[in-house]
Amino acid sequence: MGNKTSCCSYTSPQASHRVIIPIDHTLTEGESSASNLQHISERETDDGDADPSQDPTAKTIFIERSKTAIENGMIRRKSQHQIADLRPLKKSSSCSTIYLDDSTVSQPNLKNTVKCVAFAIYYHIKNRDSDRTIDIFDEKLHPLTRDGVSDDYDRHNPEHRQIYKFVRVLFNAAQLTAECAIITLVYLERLLTYAELDIQPSNWKRIVLGAILLASKVWDDQAVWNVDYCQILKEITVEDMNELERQFLELLQFNINVPSSVYAKYYFDLRTLAEANDLTFPSEPLSKDRAQKLEAMSRVMEDKYTAEALKNGLKKWSSLDNISNGGIPSRRSVAILS
């Protein structure tokens, strides 16, 4: 699931500019980490207070804050299906044509995933409980443009379209992937949990920028450098980008690991949010090339399980349906058809 190696602050591709965080010594039992930073062994969540960015069983924060919108969306669709004339037409598979939703947990659709992440940020801001913030994210103290912000910059919630445009520009210019958008949302919610702050009109742009910056470096093997973001946001300095990244990492306690189960949970919760906001993922007819790729994937897995069966002493002509992996039947396609 991407690159789980820690990332550091730097301004250019020169190796001499990298900042390496040294490990002074191994903590003994009962000893606290230096600089008030918890050791990874000390980071244990309390019962009933699970962190959704680490615990796959905990509900994501954005789903909780968009619960009303999701319920209204379900009611609206139910009422539409009661009226035949308003029932939306839906492409259905038949004997001659099979429709596939190419957005899967392993290969999400980029455009719709970015839209869903923008919806999640929108509901975070709209349904926040308070207005806690930190100076490094305040856009008035650290403006992204030379003109600064207006006097009422912290009073009006941004619309979904405004959030989507900001995120889309960064993703298009930096050529980031849909998986990176999901990691961005995970880091954003982890920041809100760890730092006990709220994303709001005064800080949402810098929080999102910091999350995208960090997610791109963790996910992509060849990440976008800080100086490259200064080419996208023309009036922001490299020093500001470095400081934003450094403080973001410190607030996350340098915990940048994202378990695959957590990633999958965020993906499917984003799908739920998309459905509630009438955002449909595109379905395309199954082409010959796509069918051949799926068949090849199935054959690779079949050969793998056959080799394992022979290694374990099963007869060559034994049915693959009888081969189990930990009690679970192993014959299944690795492709996810939704």
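Residues numbered from 1 in each chain as written. Predicted model: local features only at pLDDT ≥ 70, side-chain atom pairs only at ≥ 80, totals over all residues. Heavy atoms only, no water.

A. Here's a closer look at the overall build of the protein. Across its full length, the protein holds 10 helices and four strands. Along the protein, from the amino end to the carboxyl end, the secondary structure elements read α-α-β-α-α-α-α-α-α-α-β-α-β-β. Within the protein, the proportion of its 338 residues that are buried is 40%. In the protein, of all internal contacts separated by at least 6 residues, the share reaching a separation of at least 24 is 80%. In the structure as shown, the protein presents an accessible area of about 20000 Å², 49% of it carried by carbon and sulfur atoms. (Helix = DSSP H or I, 4+ residues; strand = E, 2+ residues; numbered from the N terminus. Buried < 20%, exposed > 50% of the residue type's maximum accessible area, 1.4 Å probe, protein only. Contact = heavy atoms within 4.5 Å. Areas by Shrake-Rupley, 256 points an atom, 1.4 Å probe, with all protein chains shown as cover.)

B. Quick look at the confidence of the model for the protein. Looking at the protein as a whole, its pLDDT mean stands at 77, while 69% of the residues score no less than 70. The low-confidence segment residues 4–35 (pLDDT under 50) makes 46 contacts with residues lying over four places distant or belonging to another chain. The low-confidence segment residues 81–87, where pLDDT is below 50, has four contacts with residues more than four positions distant or belonging to other chains. (pLDDT = per-residue confidence, 0-100.)

C. Up close: the side chain of Asp198. Assignment of secondary structure puts Asp198 in the loop between helix 5 (178–195) and helix 6 (204–219). The buried category is assigned to Asp198, whose relative accessible area is 1%. Within the structure, the side chain of Asp198 is placed 2.9 Å from the side chain of Arg132, a separation counted as a polar contact. Not counting residues up to four positions away in its chain, the partners in contact with Asp198 are Arg65, Arg128, Asp129, Ser130, Asp131, Arg132, Leu192 and Asn203. (Polar contact = N/O pair within 3.5 Å; in protein donor to acceptor, adjacent residues only side chain to side chain.)

D. Local environment of the packing of helix 4 (residues 160–174) against helix 6. Between helix 4 and helix 6, whose axes approach to 11 Å, the crossing angle comes to 30°. With respect to helix 6, the axis of helix 4 lies roughly parallel. Like other packed secondary-structure pairs, helix 4 and helix 6 cross with a definite hand, here right-handed. On helix 6, the residues that touch Gln162, Ile163, Phe166, Val167, Leu170 and Phe171 of helix 4 are Trp204, Lys205, Val208, Leu209 and Ile212. (Axes fitted to C-alpha atoms, helices over the stretch in contact; angles between N-to-C directions. Parallel < 35°, antiparallel > 145°, perpendicular 65-115°, else oblique. Left-handed = near helix turned anticlockwise from the far one by under 90°.)

E. Structural view of helix 4. In this model, helix 4 (15 residues) spans 21 Å end to end at C-alpha, consistent with the 21 Å of a helix rising 1.5 Å per residue. Along helix 4, the positions that sit buried rather than exposed are His160, Ile163, Tyr164, Phe166, Val167, Leu170, Phe171 and Ala174. Within helix 4, the buried residues cover an arc of 160° as seen down the axis, which keeps them to one side. Turned more than 90 degrees away from the buried face of helix 4, the exposed residues are Arg161 and Lys165. Structurally, helix 4 contributes buried residues whose contacts are with helix 3 (110–126), helix 5, helix 6 and helix 7 (226–232). (Expected span 1.5 Å × (residues − 1). Arc of directions from axis to C-beta.)

F. Highlighting the side chain of Glu139. One can find Glu139 in the loop between helix 3 and helix 4. Among buried charged residues, Glu139 stands out as having no salt bridge; its nearest opposite-charge side chain is Lys205, 4.2 Å away. Those residues in contact with Glu139, other than ones at most four positions away along the chain, are Leu144, Val149, Ser202, Lys205 and Arg206. (Lys, Arg positive; Asp, Glu negative; His and termini not counted. Salt bridge = Lys/Arg side-chain N within 4 Å of Asp/Glu carboxyl O.)

G. Summary view of the environment of Asp131. Mapped onto the elements, Asp131 comes out in the loop between helix 3 and helix 4. Not counting the four nearest positions on each side in its chain, Asp131 is found in contact with Asp198 and Gln200. Within polar-contact distance, the side chain of Asp131 engages the side chain of Arg128 at 2.5 Å.

H. Region of the structure containing the environment of Lys217. Tracing the backbone through its elements, the reader meets Lys217 in helix 6. Using a relative accessible area of 6% as the deciding quantity, one classes Lys217 as buried. Distance in space between the C-alpha atoms of Lys217 and Cys180 is 9.3 Å, their sequence separation being 37 residues.

I. Spotlight on the packing of helix 3 against helix 9 (residues 260–276). Helix 9 packs onto helix 3 with a crossing angle of 80° between their chain directions and a minimal axis gap of 9 Å. One finds that helix 3 runs roughly perpendicular with respect to helix 9. Here Cys116, Val117, Phe119, Ala120 and Tyr123 of helix 3 come into contact with helix 9, specifically with Leu270, Leu273 and Ala274. Of the residues belonging to the contact of helix 3 with helix 9, the class tally is eight nonpolar, no polar and no charged. (Nonpolar A, V, L, I, M, F, W, Y, C, P; charged D, E, K, R; others polar.)

J. Focus on the packing of aromatic side chains. Evaluated as defined, the whole model comprises seven aromatic pairs. Aromatic pair Trp219 and Tyr263: ring centres 6.2 Å apart, planes at 5°, arrangement stacked. Highlighted residues: Trp219 in helix 6 and Tyr263 in helix 9, separated in sequence by 44 residues. Residue Trp219 is classed as buried on the basis of its relative accessible area, which comes to 18%. Using a relative accessible area of 2% as the deciding quantity, one classes Tyr263 as buried. Seen from their ring centres, Tyr267 and Phe268 are 5.0 Å apart, and the 75° between their planes marks the pair as edge-to-face. Residue Phe268 is classed as partly exposed on the basis of its relative accessible area, which comes to 45%. Ring pairing ties together the aromatic residues Phe119, Tyr122 and Tyr123, which thus form one cluster. A cation sits over an aromatic face here: Lys115 above Tyr164, 5.8 Å from the ring centre. (Phe/Tyr/Trp six-rings, centres within 6.5 Å; stacked < 30°, edge-to-face > 60°. Lys NZ or Arg CZ within 6 Å of the ring centre and 35° of its normal.)

K. Spatial organisation of the pattern of salt bridges. Tallied over the full model, the rule gives eight salt bridges. A salt bridge links Lys67 to Glu64; its shortest N-O distance comes to 3.3 Å. Accessibility expressed as a relative area gives 36% for Lys67, which makes it partly exposed. Classification of Glu64 by relative accessible area gives partly exposed; the value is 34%.

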